[in-house]
Amino acid sequence: MRVYVGYVFCSRIFFGVVLIMTHVVTENCIKCKYTDCVDVCPVDCFLEGPNFLVIDPDECIDCAVCIPECPANAIFAEEDVPEDQVHFIELNAELTPQFTPITRTREPLPDAEEWNGVEGKLQYLEK
């Protein structure tokens, strides 16, 4: 969660402090990399690595239009990330400068259907 004071746009206000929440791509995207979410993003905040997408936390405006578009159900609002996936909040921010912007849908990885729903994929993340 990022905290800004004095900005007009916001997703949450708490005791006069503006809290900007972001959305997070989690483990199920690894080795699937469906990109349906990319086309609907109004601010182009998605970045891609070899087998995973991330959301730039500084660009995401918390609009949530990407969530229902993800066939792998791998995108969550920061406050809704499952407890066992919380480390992906930091991982999205860490990988943002390393990955390249993506603004259009591409074909998923060839074996995406086989990997969709498989647990324990973090070990396969390519940076």
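As a reminder, the structure under discussion sits directly above these lines.
## Here we look at the nonpolar core
One broad trend across soluble globular proteins is that nonpolar side chains are buried collectively.
And then number 1: Membership of the largest hydrophobic core comes to 31 residues, with the highest contact counts inside it found for Phe46, Phe52, Ile55 and Ile75.
And then number 2: Put simply, the parts of the chain that give this core at least two residues each are strand S4 (23-25), helix H1 (36-40), strand S5 (46-48), strand S6 (53-55), helix H2 (87-95) and helix H3 (112-115).
And then number 3: Residues in contact with Phe46, not counting those within four places in the same chain, are Val25, Cys37, Val38, Cys41, Leu53, Val54, Ile55, Cys66, Ile75, Thr100, Pro101 and Ile102.

## As for the pattern of salt bridges
And then number 1: Inspection of the entire model under this criterion finds 4 salt bridges.
And then number 2: Where Arg104 meets Asp39, a salt bridge forms, and the shortest distance between an N and an O atom there is 3.6 Å. Taken together, the positions of Arg104 in the loop between strand S8 (100-101) and H3 and Asp39 in helix H1 put the pair 65 residues apart, joining distant regions of the chain.
And then number 3: For Arg104, a relative accessible area of 57% translates into the label exposed.
And then number 4: Notably, a salt bridge pairs Arg106 with Glu48, separated by 2.0 Å at the nearest N-O pair. A residue pair is termed long-range when its members are at least 10 positions apart, and Arg106 in the loop between S8 and H3 and Glu48 in strand S5 qualify at 58 residues.

Calculation criteria
Residues numbered from 1 in each chain as written. Predicted model: local features only at pLDDT ≥ 70, side-chain atom pairs only at ≥ 80, totals over all residues. Heavy atoms only, no water. Core = buried A, V, L, I, M, F, W, Y, C linked by side-chain atoms within 4.5 Å. Buried < 20%, exposed > 50% of the residue type's maximum accessible area, 1.4 Å probe, protein only. Helix = DSSP H or I, 4+ residues; strand = E, 2+ residues; numbered from the N terminus. Contact = heavy atoms within 4.5 Å. Salt bridge = Lys/Arg side-chain N within 4 Å of Asp/Glu carboxyl O.

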